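Chain and residue survey
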Amino acid sequence: MSTTTDPTVEQRAEAVADACRNDVRQMIAASRQGAVILKAIAGGGKSTFITQTVGHVAGEARVMVAAPTNEQVFALVGSIARAHPALVLHYVPAKDVELPAVHLLPNVRVVNAQRARGQRLIVGTLDKLGDAFSRNDLGPTDCLIVDEAYQADSSRYHRAADLANVHLLVGDAGQIAPFTTVTEALRWRGLPEDPVRTAVNVVLDNPAVHTRVHHFPITRRLDARSAEAARSFYERDHDFEAVVPRGVRSLTWSGPRPLGARERQLDDALSVAGREGFCLLELPAAVTPPVDPEIVQLVADLVCRALHPSRPADAVCERHQSGIRLAAHRVAVGASHNDQVRALRRELATRGQHDVTVETANRLQGLEFDLVIAWHPLSGLHALDSFHLESGRLCVMATRHRHACVVVGRAGDRELLEGVPPSGDAWLGRDDEPMLDGWDAHRAFYESLAPVRRPFDA
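Our subject in this report is the structure included herewith. This one's a predicted model, so the numbers in the text were calculated from it and none came from an experiment.

**Topic: the pattern of salt bridges**
A side chain with one charge can pair with a side chain of the opposite charge if their charged atoms come near. Throughout the structure, instances matching the rule amount to 35 salt bridges. With its nearest N and O atoms 2.6 Å apart, the salt bridge here joins Asp 162 to Arg 135. Here Arg 135 lies in helix α6 (residues 132-138) and Asp 162 lies in the loop between α7 (154-161) and β7 (164-172), a separation of 27 residues in the sequence. Since its relative accessible area comes to 27%, Arg 135 is described here as partly exposed. In this structure, Glu 347 and Arg 351 form a salt bridge, with 2.9 Å as the shortest nitrogen-oxygen distance. Counted as one network, the salt bridges with shared partners bring together Arg 221, Arg 249, Glu 318, Arg 319, Glu 368 and Arg 402.

See the structure below:
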């Protein structure tokens, strides 16, 4: 078994990273308004890139680093402070928000906006840095770096945008797009002030901003087995490769084969996923309520078989070449709806599985596991709709794993994608068509999983 990564992929990624940093430096040196966009895919190393870039830029300019959520900012504070102990990092929290103790490092200062003014390195959420009081107290900086820029809606981004002339926006275009349940927001669709446009689209739609766009050509989380399916969710001009080639990772179960037909099918599905990276496991075709009790049972059965003490699983990879035992906290279940999540949690709790992560796709963004069981968004639907066709939801669930992902659905789901593509609402000033894009992504994903599709009828 090979135990190496592909150095050429790393070299191409480093060349793109250097080009991004050089663009940022040149824009700062020229004192001109501009933006640099780095489009990455799941597991591309966005946070690592930002951490390294802060070290390159903060020595020459004043830098502000922001992200949409507190958890994302906590992670940035910790990684930047550890990587650059000589840099003093000024973290500006919102009221009643406390930095976890693990990130309270010697070079981290927790301050208000007024005390952060003029400092070389400031970190906070977009909401906090962009609120009216903070913006006035912070004053201008040279460069604003936004992590998870595809999760940052324009209402947040606009409030912080004037804190620097040069912006570096880093994000994963396959993630779930910003959304709102406020129907009044529709009045702004197609207008520059549309509050649910992403920060990236805001910049790309503005011809007055000098913008450079780069594509990060690498994924470290997904290996070569899984990268092909992941391409279903990204633009065709975004070429990327997995740094970990085939033959390096595997997830293998050992122990006696069960006698029951249902257990054998479960084990076969897990084995396919452990060997090939994915398995598409399909119940017979049926139209079901959103909380499909048969899917709930099947997902719970898969989790229990994966963690059954009589058949331990060992994960072999570039980090653990001798293998490491699969643990419950390294297993996740993803679903589209909160009521699906609650049903799954109840079922797993009755079976003693309390350490498995069970969340909606929204809450799984940014997380990584060894094994993921994904409840396909189209499972059991009678017709397509914009929510379930939104490709980011499936993309998140299908790109959280390092070793194996079992996608669970029904045999009739694929038939929803046959025939004429759906037509969604069109808006003047908007070129994107989310329903058509989602339809295309779902079709491509199903096609990529055709070799690992397995019926489940036990």
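**Here we look at the sheet that holds strand β13 (residues 313-316)**
Across a sheet, paired strands are connected by hydrogen bonds in the backbone, their directions being either parallel or antiparallel. Pairing is antiparallel in the open sheet, where three strands are placed in the order β11-β13-β14. For this open sheet the edge positions go to β11 (250-253) and β14 (324-325), each flanked by a neighbour on one side alone. Bridge count for β13 against β14 is two bridges, and the pairing is antiparallel. Within β14, the position partnered with Ala 315 by the bridge is Ile 324.

**A word on α7**
Along α7, the residues classified as buried are Ser 154, Tyr 157, Ala 160 and Ala 161. For α7, the angular spread of buried residues about the axis comes to 135°, placing them on one side. The inward-facing, buried residues of α7 abut α5 (126-130), β6 (141-146), β7 and α8 (199-204).

**A short note on the sheet that holds strand β1 (residues 34-40)**
The sheet built from eight strands is open, its strands ordered β4-β3-β5-β2-β6-β7-β1-β8 with parallel pairing. Of all strands in the sheet, those with a lone pairing partner are β4 (108-110) and β8 (210-215), marking the two edges. Between one strand axis and the next, the sheet turns by 20° as a mean value, whatever way the strands run. The pairing of β1 with β7 spans seven bridges and is parallel. From the neighbouring strand, Ala 35 faces β7, where its bridge partner is His 167. Along the sheet, helix α2 (residues 46-57) contacts β1, β2 (63-67), β5 (121-125), β6 and β7; its crossing angle with β7, the most-contacted strand, is approximately 155°.

**Here we look at the packing of helix α1 (residues 7-29) against α2**
Two elements in contact, α1 and α2, have axes whose closest approach is 11 Å; the angle formed by their N-to-C orientations is 40°. In terms of their interaxial angle, α1 and α2 are classed as oblique. Between α1 and α2 lies a crossing whose hand is right-handed. Here Ala 17, Cys 20, Arg 21, Val 24, Arg 25 and Ile 28 of α1 lie close against α2, whose contacting residues are Phe 49, Gln 52, Thr 53, His 56 and Val 57. The class makeup of the residues in the contact of α1 with α2 is six nonpolar, three polar and two charged.

**Side note on the environment of His 103**
Mapped onto the elements, His 103 comes out in the loop between β3 (89-91) and β4. For His 103, a relative accessible area of 13% corresponds to the buried category. Taking C-alpha positions, His 103 is 6.7 Å from Val 77, a pair spaced 26 residues apart along the chain.

**Some remarks on the side chain of Asp 172**
Within the secondary structure layout, Asp 172 lies in strand β7. Buried charge Asp 172 goes without a salt bridge, the closest partner of opposite sign being Lys 46 at 4.6 Å. In terms of polar contacts, Asp 172 uses its side chain to reach the backbone amide nitrogen of Ala 42, at 3.3 Å. Within the structure, Asp 172 has its side chain in polar contact with the side chain of Gln 175 (distance 2.8 Å). With sequence-adjacent residues up to four places away left out, Asp 172 is seen in contact with Ala 40, Ile 41, Ala 42, Lys 46, Tyr 150 and Tyr 234.

**Brief notes about the packing of aromatic side chains**
All chains considered together, the criterion is met by five aromatic pairs. Between Phe 74 and Tyr 91, the aromatic rings sit 6.4 Å apart at their centres with planes inclined by 75°, giving edge-to-face as the arrangement. Of this pair, Phe 74 sits in helix α3 (residues 70-83) while Tyr 91 sits in strand β3, and the two are 17 residues apart along the sequence. The exposure classification of Phe 74 matches that of Tyr 91, with both residues buried. When the centroid spacing of 5.8 Å and the interplanar angle of 80° are considered together, the rings of Tyr 234 and Phe 240 count as edge-to-face. One exposure class covers both Tyr 234 and Phe 240, and it is buried. In this structure an aromatic cluster arises from ring pairing among Phe 233, Phe 278 and Phe 445. Between Arg 231 and the ring centre of Phe 240, over which it is positioned, the NZ or CZ distance is 5.0 Å. The ring of Phe 387 carries the charged tip of Arg 393 above its face, separated from the ring centre by 3.9 Å.

Conventions we followed
- Residues numbered from 1 in each chain as written.
- Predicted model: local features only at pLDDT ≥ 70, side-chain atom pairs only at ≥ 80, totals over all residues.
- Heavy atoms only, no water.
- Salt bridge = Lys/Arg side-chain N within 4 Å of Asp/Glu carboxyl O.
- Helix = DSSP H or I, 4+ residues; strand = E, 2+ residues; numbered from the N terminus.
- Buried < 20%, exposed > 50% of the residue type's maximum accessible area, 1.4 Å probe, protein only.
- Pairing = 2+ DSSP bridges.
- Arc of directions from axis to C-beta.
- Contact = heavy atoms within 4.5 Å.
- Axes fitted to C-alpha atoms, helices over the stretch in contact; angles between N-to-C directions.
- Parallel < 35°, antiparallel > 145°, perpendicular 65-115°, else oblique.
- Left-handed = near helix turned anticlockwise from the far one by under 90°.
- Nonpolar A, V, L, I, M, F, W, Y, C, P; charged D, E, K, R; others polar.
- Lys, Arg positive; Asp, Glu negative; His and termini not counted.
- Polar contact = N/O pair within 3.5 Å; in protein donor to acceptor, adjacent residues only side chain to side chain.
- Phe/Tyr/Trp six-rings, centres within 6.5 Å; stacked < 30°, edge-to-face > 60°.
- Lys NZ or Arg CZ within 6 Å of the ring centre and 35° of its normal.

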